[in-house]
Amino acid sequence: VKKRHLTALVKTEAGLHLLMKALSAGWERSTALNDKPAIPLTEPLDNGWPGNIVLLTGCASSPFWGLDNGIDWLGKYRDAFGDDLYAETMALHDFAPQKAINELALEAAKHLGMKAVATCDAHFVAESDYKNHEVLLAIGRHQKMDDPKRWKFDSRLNWMRRPEEIVASYIKMG
């Protein structure tokens, strides 16, 4: 089963405790199952997250865009989180599927009355950190750098870009 993810931002001190508790439980489950850490999609809905944590709909690996019933889940999250759920678009002009994902996010935002937010899907600080990030991904998966099947990002734009760089990327996306 492919793991899906969202972006969670702590809003309150209680939110910090809720998020840490969920992440710890995810790690414990992963150790017991010899799997990647994960929390159930119901966790944010059932355990006091609304009002304490702000959620962004996430990247191409979001459950909202990647599951057959993802839009149904998005509606449930919208009902629970209200204005603390944002439709996330990403400025990744070198990743072809991102334009369609951004369009889905904006369409969902319009349909559900959500605000949209633009991000750069930052996973490392500077453009020059790309290779180091690749090495960390390989280490994390116990893979060698020369393995053609090793996991790597589809985009090379995952650093903390300046606003004008993000705008330029959106322009390149059309």
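Just above, that's the structure.
Residues numbered from 1 in each chain as written. Predicted model: local features only at pLDDT ≥ 70, side-chain atom pairs only at ≥ 80, totals over all residues. Heavy atoms only, no water.

Draft legend 1. View of the sheet that holds strand S2 (residues 53-56). Reading across the sheet, the 4 strands line up as S1-S2-S3-S4 and stay open at both edges, with mixed pairing between neighbours. Each having just a single partner strand, strand S1 (7-10) and strand S4 (115-119) make up the two edges of the open sheet. The sheet shows a mean angle of 35° between the axes of neighbouring strands, taken without regard to direction. Where S1 and S2 come together, 4 bridges link them in antiparallel fashion. Paired with Leu9 across the two strands is Val54, which belongs to S2. Strands in contact with helix H4 (residues 70-81) are S2 and strand S3 (85-90); relative to S3, the strand with the most contacts, it is inclined by about 130°. Docked against the sheet, helix H5 (residues 97-112) engages S3 and S4, running at close to 155° with respect to S3. (Pairing = 2+ DSSP bridges. Helix = DSSP H or I, 4+ residues; strand = E, 2+ residues; numbered from the N terminus. Axes fitted to C-alpha atoms, helices over the stretch in contact; angles between N-to-C directions. Contact = heavy atoms within 4.5 Å.)

Draft legend 2. View of the pairing of S2. Of the two faces of S2, the one holding Ile53 and Leu55 and the one holding Val54 and Leu56 are both buried throughout. Examined bridge by bridge, S2 and S3 share 2 bridges and lie parallel to one another. Following the sheet pairing, Leu56 is matched in S3 by Tyr86. (Buried < 20%, exposed > 50% of the residue type's maximum accessible area, 1.4 Å probe, protein only.)

Draft legend 3. Structural context of the nonpolar core. In terms of nonpolar packing, the biggest core is built from 18 residues, with Trp49, Leu55, Trp65, Leu74, Tyr77 and Leu85 touching the most fellow members. Broken down by secondary-structure element, the contributors of at least two residues to this core are helix H1 (13-33), S2, helix H3 (63-66), H4, S3 and H5. Counting 8 residues, the second-largest nonpolar core is a separate cluster that includes Met90, Phe95, Leu157 and Trp159. (Core = buried A, V, L, I, M, F, W, Y, C linked by side-chain atoms within 4.5 Å.)

Draft legend 4. Representation of the pattern of salt bridges in the model. Per the stated rule, a full pass over the model turns up 5 salt bridges. Note that Asp84 is salt-bridged to Lys11, the shortest N-O span being 2.8 Å. With a gap of 73 residues between them, Asp84 in the loop between H4 and S3 and Lys11 in the loop between S1 and H1 connect regions that are remote in the sequence. Accessibility expressed as a relative area gives 46% for Lys11, which makes it partly exposed. Residue Arg150 is joined to Glu134 by a salt bridge in which the shortest nitrogen-to-oxygen separation is 3.1 Å. A residue pair is termed long-range when its members are at least 10 positions apart, and Arg150 in the loop between helix H6 (130-140) and helix H7 (163-173) and Glu134 in helix H6 qualify at 16 residues. Residue classification places Arg150 among the buried residues on the basis of a relative accessible area of 9%. Residue class for Glu134 comes out buried when judged on its relative accessible area of 3%. (Salt bridge = Lys/Arg side-chain N within 4 Å of Asp/Glu carboxyl O.)

Draft legend 5. The environment of Arg150, seen in detail. Separated by 16 residues in the primary sequence, Arg150 and Glu134 have C-alpha atoms spaced 9.6 Å apart. Residue contacts for Arg150: discarding those within four places in its chain leaves Glu134, Ala138, Gln143, Lys144 and Met145. One polar contact links Arg150 to Glu134, side chain to side chain, over a distance of 3.1 Å. Here Met145 takes part through its backbone oxygen, which lies 3.0 Å from a polar atom of the side chain of Arg150. (Polar contact = N/O pair within 3.5 Å; in protein donor to acceptor, adjacent residues only side chain to side chain.)

Draft legend 6. Geometry of the packing of aromatic side chains. In total, this model carries 5 aromatic pairs according to the counting rule given. The interplanar angle of 10° and the centroid separation of 5.8 Å between the aromatic rings of Tyr77 and Phe81 together place this pair among those described as stacked. Highlighted residues: Tyr77 and Phe81, both in helix H4, separated by 4 residues, approximately one helical turn. Taking the relative accessible area as the measure of exposure, Tyr77 reaches 1% and is therefore buried. The structure contains a cluster of three or more aromatic residues connected by ring pairs, namely Phe64, Trp65, Tyr77 and Phe81. (Phe/Tyr/Trp six-rings, centres within 6.5 Å; stacked < 30°, edge-to-face > 60°.)

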